[in-house]
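Summary of structural features
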Protein chains: 2
Amino acid sequence: MGRGGRERNGQAGARALDVAALAGVSTATVSRAFNAPEKVAPEIREKVLKAAAELGWMPHPAGAALASRRTWLAGALIPTLDNDVFASQVGALQTRLSAEGVTVLIGCSNYDADQAANQVRTMLARGVEALAVVGESHRPGLFETIAARGVPYVVTYSHRPGSPHPSVGFDNAAAFRRIARHLLDLGHRDFGLIHQPSIDNDRVVARIEGLRATLAEEGVALRPQHVREGPASIAFGRQSLRSIMEAPGPRPTAVVCGNDALAIGALIEARALGIRVPEDLSITGFDDVAMAEQTDPPLTTMRVDNAEIGQRAADYLLACLAGRQPPPPPPLESRLILRASTGAAARSAA
Amino acid sequence: MGRGGRERNGQAGARALDVAALAGVSTATVSRAFNAPEKVAPEIREKVLKAAAELGWMPHPAGAALASRRTWLAGALIPTLDNDVFASQVGALQTRLSAEGVTVLIGCSNYDADQAANQVRTMLARGVEALAVVGESHRPGLFETIAARGVPYVVTYSHRPGSPHPSVGFDNAAAFRRIARHLLDLGHRDFGLIHQPSIDNDRVVARIEGLRATLAEEGVALRPQHVREGPASIAFGRQSLRSIMEAPGPRPTAVVCGNDALAIGALIEARALGIRVPEDLSITGFDDVAMAEQTDPPLTTMRVDNAEIGQRAADYLLACLAGRQPPPPPPLESRLILRASTGAAARSAA
DNA sequence: AAGTGCTATGTAAGCGCTTACATTCTGATT
DNA sequence: AATCAGAATGTAAGCGCTTACATAGCACTT
């Protein structure tokens, strides 16, 4: 039988009806004054706005969402907020979307595919109208679920040629091919690799494959004893470099790292071990964090414009929401930043 | 006259009514099966859940919000996502809140008070039921606006004794008093200071005041030519240290930095200038970032557990939402991490 | 046998807004 | 003067859900 006794709670309790009454118009006009100002005569619009201001009224989003079937919500699925790379992507995405009145919901997967799937489910349940998700290695059916809802989405950060998904990012494999080529050109033939966990992480997998493929072109292979996989931390970089250099057999003359934190760790440990960089050993990073140009020697690394990824992803999704059928975005370029941590290969210690 | 021709859009178009029909119950029971399972007989609940699964139905949040007057939305206002300190706070806040079914909306002010006010307005309009905001120096009336809506809030990151707001954070002034005391104890009497922009930033202001106050106790004052204010970057730290050391008159024997990035920059520049740390100059940071223990020499700095701030803020807000009147949270401790960048004062060059 | 207190379910009235369609009013056209 | 197009506004029917209250069913009492 419903609640009966209306009893508005004194607080934030103005409704469109109250504004309409105060302005001497109907609720339809109130709504139009806010959502389609051009359809309301200027002086009436003025009156409505004044009445709304007086009552401190703003359209209640739940009511609006229900009636208009629009939520003005978008979602961003990222591995973690604790990584600059994703934080700045999301930041840019949000800035761009909020300028169009779209609020961004953030979901963190903590690099776990199940959590990712849950977050997406939650966002969908919340009614997001567009979704940006980092990477494309997710639980099977994830993208289908999204598409089945008719929600436009875009993969961010990585751009794999041949991927069935629209994506805004760069080609991770190509980026590492570029690094490999650079080192090969310097004469290196013995390589080490320190990288992040590759499970459920297509970016890391692509990088490793890009590296291996390019080395293979010159008949060079990575030796297992020169490869380390672990947390993307300075500490892991240090410990890995030490154990690689202590491994039996010939030492690598170049160590490729999955990101700058690992590379900085490697650099620090090399110094601690009395290994000269780049004379005895070349080291490369990835990301070009602020610290990379301040290390001694400064770090050769790849730069990617993460804010631009976020922004382009936002633009793409916005275009989809506007009903345009935008072309899949082109890949972004990553750029090799040559600094002093790489140099001509030392005579191999083999 | 309303839309008339119902015409459900094939897609995600199941309603509670459809589920009810399929399960052979009323919509009330469907609702209860989801929101108050204990009030529904187990076998009926089972049937409802199965029917919902079959139709791929989930409660539509706008309808739910409208009817229940609950949005299960909370907001977090931070300066920027581009800073680990805030990113991890938000991350922890979100993890905790989402475990209770609350979705977090993030607003970035970019250190601008007007943007902050706008973001808060937007979040309030979106119907957030609780708010965590970094710092307390905001546009006058901001907190009143929030409180007027009956929305519980908590100030994060800083905890100022005597503040009228509930806050989860540490006492920035006390933290810098601690640093000052440490350096005074080491015999320093000539200080430099490199800090972030202080406008609209109560944390930075409190730190500076804590430092000045403690120095004053020993009759020590900061000389204007030894103070620099600018972006919290490694580069600004470098350039500031150089210009401080080049300033006419006696050089400081200790330089206090507003955060680790500035301190790392100062450390790098000291090395470039041939100034020995800590023999000739002591340097301190703030935050204890991962890099701080890897610098040469490792950096003396203050550690704050940002994840814990986020988590406690979440717990406090959750308690408010549960209708409990939780006591204002106690301040957190920041901890001085003594490393090798600080040492006994050199004989003053005065 | 009738009454009592439970608990599990159903009924139906909104929540606050948008929007299709109806209505009114204007000024231009015939 | 009559007609009509077009613009501005009003009317009122939902959007999909929750929940106060009513009701039915059941196990005990007395």
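Going by the annotation in an unreviewed UniProt entry, the name recorded for chain A is LacI family DNA-binding transcriptional regulator, with Rhizobium fredii given as the source organism.

Expressed as a screw operation, the relation of chain A to chain B combines 0.0 Å of axial shift with a rotation of 180°, fitting to an RMSD of 0.1 Å. Such a combination of rotation and displacement between the chain copies is what one expects of a two-fold axis. Residues of chain A ranked by C-alpha distance from the rotation axis are headed by A:Ala62, positioned 2.3 Å from it. Taken together, the interface assignments show that 100% of the residues at the interface of chain A recur at the interface of chain B, consistent with an identical surface on both copies.

Contact with chain A, which involves 45 residues of that partner, is made by 45 residues of chain B. For the pair chain A and chain B, the summed buried surface comes to about 3600 Å²; carbon and sulfur atoms form 54% of the total. The largest per-residue losses of area from chain A upon contact with chain B belong to A:Leu81, A:Arg126 and A:Gln294, which jointly make up 17% of the total buried on that side. Only helix H4 (61-68), helix H5 (84-98), strand S2 (103-108), helix H6 (113-126), helix H10 (234-246) and helix H11 (260-272) of chain A provide two or more residues apiece to the side of chain A that touches chain B.

Right, let's get into the UniProt feature "domain: HTH lacI-type" (unreviewed entry) in chain A. Feature annotation in UniProt assigns "domain: HTH lacI-type" (unreviewed entry) to the following positions: residues 14-68 of chain A. Across residues 14-68 of chain A one finds 71% helix and 0% strand; the C-alpha atoms that close the span lie 20 Å apart.

Residues and elements named next belong to chain A. In spatial order, the strands read S7-S6-S8-S9; together these four strands make up an open sheet with parallel pairing. Bordering the open sheet on either side are strand S7 (227-229) and strand S9 (282-284), each of which pairs with just one other strand. The sheet shows a mean angle of 10° between the axes of neighbouring strands, direction not considered. Where strand S8 (residues 254-257) meets S9, three bridges bridge the pair, whose relative direction is parallel. Paired with Val-256 across the bridge in S9 is Thr-284.

Looking now at the packing of helix H1 (residues 16-23) of chain B against helix H3 (residues 42-55) of chain B. Residue and element names in this part refer to chain B. Contact geometry for H1 and H3: axes closest at 9 Å, N-to-C directions at 125°. Between H1 and H3, the angle is such that the two are oblique. Taken as a pair, H1 and H3 cross one another with a handedness that is right-handed. On the side of H1, the interface is formed by Asp-18, Val-19, Leu-22 and Ala-23, while H3 contributes Lys-47, Val-48, Ala-51, Ala-52, Glu-54 and Leu-55. Tallied by class, the residues present in the contact of H1 with H3 amount to seven nonpolar, no polar and three charged.

Residues and elements named next belong to chain B. The strand order S7-S6-S8-S9 describes an open sheet built from four strands, whose pairing is parallel. Two strands lie at the open edges of the sheet, namely strand S7 (227-229) and strand S9 (282-284), each paired on one side alone. Pairs of neighbouring strands in the sheet enclose a mean axial angle of 10°, with direction left out of account. Pairing of strand S6 (residues 191-195) with S7 involves three bridges; the strand directions are parallel. Across the sheet, residue Ile-194 finds its bridge partner in S7, namely Arg-228.

Glancing now at the pattern of salt bridges. In this structure the tally under the stated criterion is 36 salt bridges over all chains. Note that B:Glu129 and B:Arg70 form a salt bridge whose closest N and O atoms lie 2.5 Å from each other. Within this pair, whereas B:Glu129 is found in the loop between helix H6 (113-126) and strand S3 (131-134), its partner B:Arg70 is found in the loop between helix H4 (61-68) and strand S1 (73-78), the two being separated by 59 residues in sequence. For B:Arg70, a relative accessible area of 28% gives the class partly exposed. Among the ionic pairs, B:Arg276 bridges to B:Asp280, the shortest N-O distance being 2.9 Å. Residues joined in a network through salt bridges with shared partners are A:Arg238, A:Arg242, A:Glu246 and A:Glu269.

As a further point, take the side chain of B:Ser109. Residue and element names in this part refer to chain B. Among the structural elements, Ser-109 can be located in the loop between strand S2 (103-108) and H6. Its relative accessible area of 8% is what places Ser-109 among the buried residues. Each residue touching Ser-109, except ones within four places of it in the same chain, is listed here: Leu-77, Ile-78, Pro-79, Gln-115 and Ala-116.

What follows is about a negative patch on the surface. Where like charges cluster on the molecular surface, the negative patch consists of A:Asp82, A:Asp84, B:Asp82 and B:Asp84. Looking at where B:Asp84 falls in the secondary structure, it is placed in helix H5 (residues 84-99). Exposure remark for B:Asp84: the relative accessible area of 38% places this residue in the partly exposed category.

Let us now look at the environment of A:Ala180. All names here are of chain A. Note on placement: Ala-180 falls in helix H8 (residues 172-185). The class for Ala-180 is buried, based on a relative accessible area of 0%. The sequence separation of Ala-180 and Val-25 amounts to 155 residues, and the corresponding C-alpha distance is 70 Å.

Moving on to the packing of helix H10 (residues 234-246) of chain B against helix H11 (residues 260-273) of chain B. Residue and element names in this part refer to chain B. Contact geometry for H10 and H11: axes closest at 6 Å, N-to-C directions at 50°. By the angle class used here, H10 and H11 are oblique. Taken as a pair, H10 and H11 cross one another with a handedness that is right-handed. Across the interface between the two elements, Ile-234, Phe-236, Gly-237, Arg-238, Leu-241, Arg-242 and Met-245 of H10 pack against Ala-261, Leu-262, Ile-264, Gly-265, Ala-266, Ile-268, Glu-269, Ala-270, Ala-272 and Leu-273 of H11.

Bringing the packing of aromatic side chains into the picture now. Summed over all chains, the structure comprises 12 aromatic pairs over all chains. With 5.1 Å between their ring centres and 35° between their planes, B:Phe143 and B:Tyr153 make a pair best called tilted. With B:Phe143 in helix H7 (residues 142-148) and B:Tyr153 in strand S4 (residues 153-158), the pair connects residues that are 10 residues apart, well separated along the chain. Both residues of the pair, B:Phe143 and B:Tyr153, belong to the buried class. By the ring-pair criterion, three or more aromatic residues cluster together here, those being A:Phe86, A:Tyr157, A:Phe170, A:Phe176 and A:Phe286. Sitting above the plane of the A:Phe286 ring, A:Arg207 keeps its charged end 4.1 Å from the centroid.

Before going further, it helps to spend a moment on the confidence of the model for chain A. The pLDDT averaged across chain A works out to 92; a share of 95% of its residues lies at or above 70. Note that residues 1-11 of chain A has pLDDT below 50 and, in this model, seven contacts with residues that lie over four places away or in other chains.

Note that the residue after A:Asp296, namely A:Pro297, is joined by a cis bond; omega there is 0°. By secondary structure assignment, the location of A:Pro297 is in the loop between S9 and strand S10 (301-303). Of note in the backbone geometry, A:Asp287 takes a positive phi value of approximately 125° without being a glycine. Under the relative-accessibility criterion, A:Asp287 is labelled buried at 16%. At B:Tyr111, a residue that is not glycine, the phi angle is positive and equals roughly 60°.

Let us now look at the nonpolar core. A general trend in soluble globular proteins is that nonpolar side chains are found buried together. In terms of nonpolar packing, the biggest core is built from 99 residues, with A:Phe191, A:Phe286, B:Leu81, B:Ile106, B:Phe191 and B:Phe286 touching the most fellow members. Membership of the second largest hydrophobic core comes to 44 residues, among which are A:Phe236, A:Val255, A:Cys257 and A:Ala266.

On to H6(A). Residues and elements named next belong to chain A. Taking 1.5 Å of rise per residue, 14 residues should cover 20 Å, and H6 covers 20 Å from first to last C-alpha, within 8% of that figure. Where H6 is concerned, the buried positions are Ala-113, Ala-116, Ala-117, Gln-119, Val-120, Met-123, Leu-124 and Arg-126. Its side-chain oxygen 3.0 Å from the backbone nitrogen of Asp-114, Asp-112 forms the N-cap of H6. Two residues or fewer past H6, Gly-127 is found with a positive phi of approximately 95°.

What counts, and where the lines are drawn
- Residues numbered from 1 in each chain as written.
- Chains lettered and ligands numbered in written order.
- Predicted model: local features only at pLDDT ≥ 70, side-chain atom pairs only at ≥ 80, totals over all residues.
- Heavy atoms only, no water.
- Least-squares fit on C-alpha atoms with pLDDT ≥ 70 in both.
- Contact = heavy atoms within 4.5 Å.
- Buried area = accessible area lost by both parts, 1.4 Å probe.
- Helix = DSSP H or I, 4+ residues; strand = E, 2+ residues; numbered from the N terminus.
- UniProt positions renumbered as here; feature names shortened; annotations may be inferred.
- Pairing = 2+ DSSP bridges.
- Axes fitted to C-alpha atoms, helices over the stretch in contact; angles between N-to-C directions.
- Parallel < 35°, antiparallel > 145°, perpendicular 65-115°, else oblique.
- Left-handed = near helix turned anticlockwise from the far one by under 90°.
- Nonpolar A, V, L, I, M, F, W, Y, C, P; charged D, E, K, R; others polar.
- Salt bridge = Lys/Arg side-chain N within 4 Å of Asp/Glu carboxyl O.
- Buried < 20%, exposed > 50% of the residue type's maximum accessible area, 1.4 Å probe, protein only.
- Patch = residues over 30% accessible without salt bridge, like charges linked within 9 Å, V, L, I, M, F, W, Y side chains within 5 Å.
- Areas by Shrake-Rupley, 256 points an atom, 1.4 Å probe, with all protein chains shown as cover.
- Lys, Arg positive; Asp, Glu negative; His and termini not counted.
- Charge placed at Lys NZ, Arg CZ, Asp CG, Glu CD.
- Phe/Tyr/Trp six-rings, centres within 6.5 Å; stacked < 30°, edge-to-face > 60°.
- Lys NZ or Arg CZ within 6 Å of the ring centre and 35° of its normal.
- pLDDT = per-residue confidence, 0-100.
- Core = buried A, V, L, I, M, F, W, Y, C linked by side-chain atoms within 4.5 Å.
- Expected span 1.5 Å × (residues − 1).
- Polar contact = N/O pair within 3.5 Å; in protein donor to acceptor, adjacent residues only side chain to side chain.

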